[in-house]
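Topology and contacts: notes
What follows is each chain in one-letter form.
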Amino acid sequence: MTSAAARRDKILENIAAAAKLARREPSEIQLVAVSKGRTAEEIEPLIAAGQRDFGESRVQEALSKWPELLACNPDIRLHGIGRLQSNKAAEAIGLFETIHSLDRLSLLDALTKEVEKSGHFPGVYVQVNIGEEEQKGGCPIDELGTLIEAVRASPLPLAGLMCIPPAGLEPSPYFALLAKLGRRHDVTSLSMGMSADYRQAVMLGSTAVRVGTALFEDDAQA
Ligand SMILES: *Cc1c(COP(=O)(O)O)cnc(C)c1O
């Protein structure tokens, strides 16, 4: 059995090694520990090991376990990484420091209304439907410019671009495409890379990797 803290150390080492190969500074890359489906007991050892950025997919689940953990660890930053319904905007604003899944104008409008009420301004990544998949969340590539401009005109800080490459395909071309879209639109931060492919993502410019399985499970590739 490997501990969560040891798995985290290994992942941070892998991130640093990939960064060096790409002539990047390891400190440019944020490790977001994806804790969806994990209990407070599984999360606590990572907090003890110094992990401060955590990602959750569902607002309801996050509300059920994080308020208590946050009360003890107020410096933790929660990231919303899942598809977000507009009617959850108020709860999402209250909970998340960063939202990685802004993919449409109607959601931006819902979030904007709520930030004006709450005075809390989470950063938002614009999620891109990078593989142009039918059922996938994310903004179509040809509408990206419009959505980025709308975020820039809103009170919400633009955090960067985010993508989830199509399942079962080599992810690197999609990471490279997101990096290219970032350059085209003058966006420097990229949320890309998960357990199976975070090294490639770092090589191709990721500034935030979202890793769940490899942190929480043994023998998930680390
Ligand atoms: C679950 C999830 C992850 C983490 O995936 P792993 O393969 O477990 O590392 C990353 N990003 C999003 C959007 C997810 O839903």
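Note that the structure is a prediction, hence the values are computed from the model and not measured. All chains use their own residue numbering, which begins from 1 and follows the written sequence. Local features in this predicted model are restricted to residues of pLDDT 70 or higher, and side-chain atom pairs are both shown and tallied only at a pLDDT of 80 or more, whereas totals for entire chains, interfaces and linings draw on every residue. To obtain the side-chain values, all non-hydrogen atoms of the structure were used and water was disregarded.

Describing a negative patch on the surface
- On the surface, Glu 41, Glu 42, Glu 44 and Glu 68 cluster together into a patch of negative charge.
- The element best represented in the negative patch is helix H2 (residues 40-48), accounting for three residues.
- A run of H or I in DSSP counts as a helix once it spans at least four residues, and a run of E counts as a strand once it spans at least two, with each numbered from the N terminus. In this fold, Glu 68 is placed in helix H3 (residues 59-72). Patches here: salt-bridge-free residues with over 30% relative accessible area, like charges joined within 9 Å, nonpolar side chains (Val, Leu, Ile, Met, Phe, Trp, Tyr) joined within 5 Å. Accessible areas in this description were obtained via Shrake-Rupley with a 1.4 Å probe; residue shielding takes into account the shown protein chains only. Salt bridges are identified by distance alone: a Lys or Arg side-chain nitrogen within 4 Å of an Asp or Glu carboxyl oxygen. This count recognises Lys and Arg as positive and Asp and Glu as negative, with His and chain-terminal groups excluded. Throughout, a charge is located at the NZ atom of Lys, the CZ atom of Arg, the CG atom of Asp or the CD atom of Glu.

Some thoughts on the site of the ligand
- Neighbouring the ligand are the residues Val 34, Lys 36, Ser 57, Ile 81, Ile 164, Met 194, Ser 195, Arg 210, Val 211, Gly 212 and Thr 213.
- Nitrogen and oxygen atoms within 3.5 Å of one another constitute a polar contact, given that in protein one can donate a hydrogen and the other can accept it, and given that sequence-neighbouring residues count only through two side-chain atoms. One nitrogen or oxygen atom from the side chain of Ser 195 is found 2.5 Å from an oxygen atom belonging to the ligand.
- Measuring from a nitrogen atom of the ligand, one finds a side-chain N or O atom of Arg 210 at 2.9 Å.
- For the ligand, the protein covers 82% of the area, taking 390 Å² as the surface of the free molecule.
- Judged by the fraction of its atoms near the pocket grid, the ligand is located in the largest pocket.
- Throughout this entry, Asp, Glu, Lys and Arg are counted as charged residues, while Ala, Val, Leu, Ile, Met, Phe, Trp, Tyr, Cys and Pro are counted as nonpolar. The remaining residues, Gly among them, count as polar. Per-class residue counts for the shell around the ligand are five nonpolar, four polar and two charged. Whether a residue is near a molecule or strand depends on its heavy atoms: if one lies within 4 Å, it is near. Here a cavity denotes a set of grid points, spaced 1 Å apart and computed over the protein atoms alone, in which a 1.4 Å probe fits but from which it cannot get out, and a pocket denotes an open set meeting protein on both sides within 12 Å along at least five of seven lines; residues with an atom within 4 Å of a point are reported as lining. Put plainly, a molecule is in a cavity or pocket when over half of its atoms are within 2 Å of the grid points there.

Considerations on the nonpolar core
- The biggest cluster of nonpolar side chains holds 59 residues, and the ones touching the most others in it are Phe 54, Trp 66, Leu 102, Leu 111, Val 126 and Leu 161.
- By the convention used here, residues are in contact when the closest approach between their heavy atoms is within 4.5 Å. The residues contacting Leu 111, other than those within four sequence positions of it, are Leu 84, Ala 89, Ile 93, Ile 99, Leu 102, Val 124 and Leu 156. Here the nonpolar core consists of buried residues drawn from Ala, Val, Leu, Ile, Met, Phe, Trp, Tyr and Cys, with membership extended through side-chain atoms lying within 4.5 Å. Only protein chains enter the area calculation, which uses a 1.4 Å probe; residues under 20% of their type maximum are buried, those over 50% are exposed, and those in between are partly exposed.

A word on the UniProt feature "modified residue: N6-(pyridoxal phosphate)lysine" (unreviewed entry) in the protein chain
- UniProt positions are given in the numbering used here, feature names are shortened, and annotations may be inferred rather than shown by experiment. The positions UniProt marks with the feature "modified residue: N6-(pyridoxal phosphate)lysine" (unreviewed entry) are Lys 36.
- Within the secondary structure, Lys 36 sits in the loop between strand S1 (30-34) and H2.
- Its relative accessible area of 43% is what places Lys 36 among the partly exposed residues.
- If we skip the residues at most four places from it in the chain, Lys 36 touches Gly 55, Glu 56, Ser 57, Glu 61 and Lys 65.

As for empty space enclosed by the protein
- Grid points are joined across faces, edges and corners, and a volume is the space filled by probe spheres set on the points. This structure, assessed with the given rule, holds one cavity of 30 Å³ or more.
- In this structure, the largest cavity spans a volume of roughly 50 Å³.
- Within the lining of the largest cavity, the residues separate by chemical class into five nonpolar, four polar and two charged.

A look at unusual backbone geometry
- With a phi close to 45 degrees, Glu 132 is a non-glycine residue in the positive phi region.
- Position of Glu 132 among the secondary structure elements: in the loop between strand S5 (123-128) and helix H6 (144-152).
- For Glu 132, a relative accessible area of 62% corresponds to the exposed category.
- Unlike most non-glycine residues, Asp 186 shows phi in positive territory, near 65 degrees.
- Note that Asp 186 resides in the loop between helix H7 (172-184) and strand S7 (190-191).
- Exposure remark for Asp 186: the relative accessible area of 66% places this residue in the exposed category.

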